[in-house]
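Reading the structure
Residues per chain, in single letters:
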Amino acid sequence: MQHFPIFLDLTGRAVLVVGEGEVAARKAAPLLAAGAAVRMRGGFDSADLDGCVLAVGADAPLDVLMALSAAAQLRGIPVNIVDKPELCSFITPAIVDRAPMTIAVSSGGVAPVLSRLIRARIEAAVPPAFGRLAALAERFKSQIRSALPDLAQRRRVLESLFTGPAADLVFAGHEADAAILFESALTGHSPSGGIVFLVGAGPGAADLMTLRAQRLLGEADVIVHDRLIGDAVLDLARRDARRIYVGKVRAHHCVVQEDINGLLISLAKEGQKVVRLKGGDPFVFGRGGEEAEALHEAGIPFEVVPGVTAALACAAQARIPLTHRAATRSVTFVTGHTKEGRLDIDFAPLVALNGTIAVYMGIVSLPQLRDGLFSHGMARSTPAMLIENGGSNKQRELRGTLDVLVAEAPNWTNKGPTLVMVGAAVGRGIAWAEISSSATLPPQAQV
Ligand code: SAH
């Protein structure tokens with residue numbers, strides 16, 4: 001071990017910071033946050049060290065920093081001079097702050113960039129609310145000690161609280177519910193421990209998932225997923241997690257919705273941590289609402305984790321501003337699903353909004369969509385677009401008007417998930433071809 005890590009209690013203790021620039025201020029900030037009485041000085045006078053427990057130097061001439069280092073070391077006061085390892089008697093780690101938890105990472109001064117990379121990974125893996133879990137445990141400290149006098153038993157109960165649904169509830173901002181689980185664990189009336197997360201996986205690219213979704217995938221006992229979920233996303237799951245495919249192909253439902261609801265309920269009742277993974281967002285045409293209702297009725301704790309819905313992913317990758325101050329002030333998500341061959345869309349208000357329309361499951365009913373919109377007054381020249389496999393490296397686009405799309409879609413489609421987008425903003429989409437051609441124009445011709 002290159003350096004010995006410790007955590008100093010600086011509350012009310014004097015710390016000298018020498019230097020006047022931005023770096024010195026940045027060094028002073030965490031010292032202040034730790035409660036130190038920081039003395040900031042532009043120059044160095046040895047008397048400034050009187051009563052100090054720590055000294056830091058940055059943004060000052062080298063002779064000043066050398067004097068500070070020598071004087072501090074002579075008096076046995078730990079000293080750190082920024083970017084001058086030869087003048088330091090201690091180094092500062094990269095910090096992940098989850099107060100009251102603090103995680104400190106050091107490469108022994110060898111590769112600070114590596115420390116920062118490790119810190120970034122820890123930042124992603126440890127939920128921001130982790131500290132609140134410690135605070136909750138603190139609240140129950142004396143109760144826990146008296147209810148569970150046996151140390152081994154206490155450790156077991158705390159571990160299950162810190163890794164189970166109580167922790168998940170804290171991370172999702174439901175501290176009151178988590179407190180109920182703490183209480184029932186102490187009285188021995190522990191519920192089964194099962195919980196269901198309705199998680200949005202986004203459009204398919206693993207790095208378009210939220211950090212919360214990624215963490216839950218890594219922790220789940222069982223993952224119940226459908227067709228839109230690709231391998232890149234499933235690879236993030238725990239290796240030994242059970243995977244259950246309940247995919248639905250249009251007009252050919254593999255598992256009916258009631259069975260999926262029943263499956264989620266029975267898995268949770270077995271005490272499993274279940275992630276119900278859905279493409280895009282679970283509450284956008286994903287029947288997440290029905291699953292949430294069924295779980296609620298069955299008394300199963302559940303949480304919903306949002307995801308990047310297809311319309312947002314498609315628009316971003318096709319460079320279509322869903323709203324644009326000069327063109328559109330609204331965006332509407334509708335379904336192209338038909339009931340007895342008819343679209344269930346209220347066309348008059350949709351056309352009147354004059355905004356961007358994103359149609360999910362709309363490619364099959366494209367002719368009805370076109371006829372409905374045009375017969376309610378939409379201009380035939382309104383820009384429209386089909387986007388297949390949006391948000392992935394297989395994204396394909398077909399641009400034109402609804403008339404063009406209706407004519408060309410049957411030959412164009414590869415049968416991947418496809419979104420229909422209509423509206424003036426679609427015409428503002430900046431295609432890659434336009435960007436590369438504008439780069440060859442003389443500067444004055446560029447907009
Ligand atoms: N919950 C999902 C939508 C499920 S409905 C979400 O929020 O995105 C399924 C429909 O969503 C598909 O028929 C298609 O219209 C659309 N869709 C889903 N993923 C897509 C993708 N990657 N590219 C284009 N459309 C997509």
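Residues numbered from 1 in each chain as written. Predicted model: local features only at pLDDT ≥ 70, side-chain atom pairs only at ≥ 80, totals over all residues. Heavy atoms only, no water.

**Some remarks on unusual backbone geometry**
Put simply, the rule reads: Secondary structure follows DSSP: runs of H or I at least 4 residues long count as helices, runs of E at least 2 residues long count as strands, and numbering of each begins at the N terminus.
Residues Ala99 and Pro100 are joined by a peptide bond in cis, for which omega reads 5°. When you line up the elements, Pro100 lands in the loop between strand S5 (94-98) and strand S6 (101-105).

**What about the domain arrangement of the chain?**
In plain terms, the rule: For each domain, the first and last residues come from an automatic or database assignment. We call two residues in contact whenever any of their non-hydrogen atoms come within 4.5 Å of each other. The buried area of a pairing is the accessible area, by a 1.4 Å probe, that goes missing from both parts when the two are put together, added over both. The working definition used for a salt bridge is a side-chain nitrogen of Lys or Arg within 4 Å of a carboxyl oxygen of Asp or Glu. Pairing of N or O atoms within 3.5 Å defines a polar contact, subject to two protein rules: one partner must be a possible hydrogen donor and the other a possible acceptor, and residues neighboring in sequence count only if both atoms are side-chain atoms.
One can read the domain layout of the chain as domain 1 (1-92), domain 2 (129-185), domain 3 (195-308) and domain 4 (311-445). Listed as interface residues are seven residues of domain 2 and, on the opposing side, eight residues of domain 3. Across the interface of domain 2 and domain 3, roughly 550 Å² is buried in total on both sides, 51% from carbon and sulfur atoms. Here domain 2 and domain 3 share two salt bridges between them. At the surface where domain 2 touches domain 3, the tally comes to three residue pairs in polar contact (both at pLDDT 80 or more). With four residues, the single largest contributor to the side of domain 2 that touches domain 3 is helix H7 (residues 165-171).

**So, the sheet that holds strand S1 (residues 14-18)**
Condition: Any two strands between which DSSP finds at least two bridges are classified as paired. Every axis corresponds to a line fitted to the C-alpha atoms, with the helix fit spanning only the stretch in contact, and the corresponding angles, defined between N-to-C directions, vary from 0 to 180 degrees.
Across the sheet, four strands lie side by side as S2-S1-S3-S4; this open sheet has parallel pairing. The open sheet has two free edges, formed respectively by strand S2 (37-41) and strand S4 (79-81), since each of these has just one partner strand. Taken over all neighbouring pairs, the strand axes of this sheet differ in orientation by 15° on average, direction set aside. Contacting S1, S2 and strand S3 (52-57), helix H1 (residues 22-33) crosses the sheet at an angle of about 165° to S2. On top of the sheet, helix H2 (residues 62-74) reaches S1, S3 and S4; it is set at about 165° to S4, its chief contact.

**Here we look at the environment of Gln73**
Here Gln73 lies in helix H2. The spatial distance from the C-alpha of Gln73 to the C-alpha of Ala129 is 39 Å, given a sequence separation of 56 residues. For Gln73, the residues in contact, after removing those within four places along its chain, are Val79, Leu87, Cys88 and Ser89.

**Quick notes on the site of the ligand**
Short version of the rule: Near, as used in this document, describes a residue that has one of its heavy atoms within 4 Å of the molecule or strand being considered. All accessible-area figures derive from a Shrake-Rupley calculation using a 1.4 Å probe, and residue coverage is judged against the displayed protein chains alone. For this classification, Asp, Glu, Lys and Arg are treated as charged, while Ala, Val, Leu, Ile, Met, Phe, Trp, Tyr, Cys and Pro are nonpolar and the rest, including Gly, are polar.
Near the ligand you find 18 residues, and of these Val284, Thr309, Met361, Gly390 and Thr418 are the closest. Contact between the ligand and Val284: a nitrogen atom at 2.7 Å from a main-chain N or O atom of the residue. If the ligand stood free it would expose 550 Å²; the protein chains cover 89% of that surface. Elements with a minimum of two residues in the shell around the ligand: helix H13 (310-318) and strand S20 (418-422). Tallied by class, residues from the shell around the ligand come to 11 nonpolar, six polar and one charged.

**Here we look at the pairing of strand S18 (residues 383-388)**
Here is the rule we go by: With a 1.4 Å probe rolled over the protein chains alone, any residue whose accessible area is under 20% of its type maximum counts as buried; one over 50% counts as exposed, and the rest are partly exposed.
Burial runs high along S18: five of the six residues are buried. Where S18 lies against strand S19 (residues 396-401), six bridges are found, and the strand directions are antiparallel. Counterpart to Ile387 in the pairing with S19 is Glu397. Pairing geometry for S18 and S20, over five bridges, is antiparallel. Across the sheet, residue Glu388 finds its bridge partner in S20, namely Thr418.

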